[in-house]
Amino acid sequence: MALRNLRYIGDEILRQKSREVPEVTDRIRELLADMAETMYHTGNGAGLAACQVGVLKRLVVIDMGSGLLQLVNPVIVEQSGTQDCVEGCLSIPNRWGRTVRPQRVVVKALDETGKEITVEGEGDLAKCLCHELDHLDGILFADKVTEWISPD
Ligand code: ZN
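Residues numbered from 1 in each chain as written. Predicted model: local features only at pLDDT ≥ 70, side-chain atom pairs only at ≥ 80, totals over all residues. Heavy atoms only, no water.

## A closer look at the nonpolar core
Phase 1 of the analysis: V60, L71, V105 and L129 are the most contacted members of the largest nonpolar core, which totals 19 residues.
Phase 2 of the analysis: For this core, the elements supplying multiple residues, two or more each, are β2 (59–62), β6 (104–110), β7 (116–122) and α2 (124–135).
Phase 3 of the analysis: Considering each element in turn, this core owes the most residues, 5 residues, to α2.
Phase 4 of the analysis: The residues contacting L129, other than those within four sequence positions of it, are I62, L71, V105, V107, V119 and G121.
Phase 5 of the analysis: One finds L32, M39, V55 and L90 within the second-largest nonpolar core, a separate group that totals 16 residues. (Core = buried A, V, L, I, M, F, W, Y, C linked by side-chain atoms within 4.5 Å. Buried < 20%, exposed > 50% of the residue type's maximum accessible area, 1.4 Å probe, protein only. Helix = DSSP H or I, 4+ residues; strand = E, 2+ residues; numbered from the N terminus. Contact = heavy atoms within 4.5 Å.)

Right, here's the structure in full:
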């Protein structure tokens, strides 16, 4: 495993659409492991998309404190309700803003073994899934902020 360099807002790669992963290979598993290590290394990240380490593949890692989720080609197949959120992003350091997200989402993806999985997320997990999946389409939470919150 290895740490990867984070990309920050202003970097064009964050605005590009990531490509589907045709097969979950050892190389993909290694990349997912690197993404997880990079996320944990920051000490405050709950999720990371591959484009944030400069790779335009549809890969996301998430850990909301109850274990690591590794998602390949994730897609939201169901969503309901709305919630008021406060969001930040490892690619937009020290900025926080209010957004509105679905209260609940259902995501289909492949896991790190290539098996089809369904992840149901409510509240913070729903927020995080929406945030990370947006990255795969070049969308940043900053695009959806209704109000910025000063860092203090
Ligand atoms: Zn982000």
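Right, picking up where we left off after that structure.
## Considering helix α1 (residues 26–42)
Structurally, the α-helix is built with 3.6 residues per turn, so residues lying three or four positions apart point the same way.
Phase 1 of the analysis: Helix length check: α1 (17 residues) gives 25 Å between terminal C-alpha atoms against 24 Å at 1.5 Å per residue, within 8%.
Phase 2 of the analysis: Within α1, burial applies to I28, L31, L32, A33, D34, M35, A36, T38 and M39.
Phase 3 of the analysis: The elements touched by buried residues of α1 are β1 (47–49), β2 and β3 (69–80).
Phase 4 of the analysis: Looking at the residues trailing α1, positive phi occurs at G43, about 80°. (Expected span 1.5 Å × (residues − 1).)

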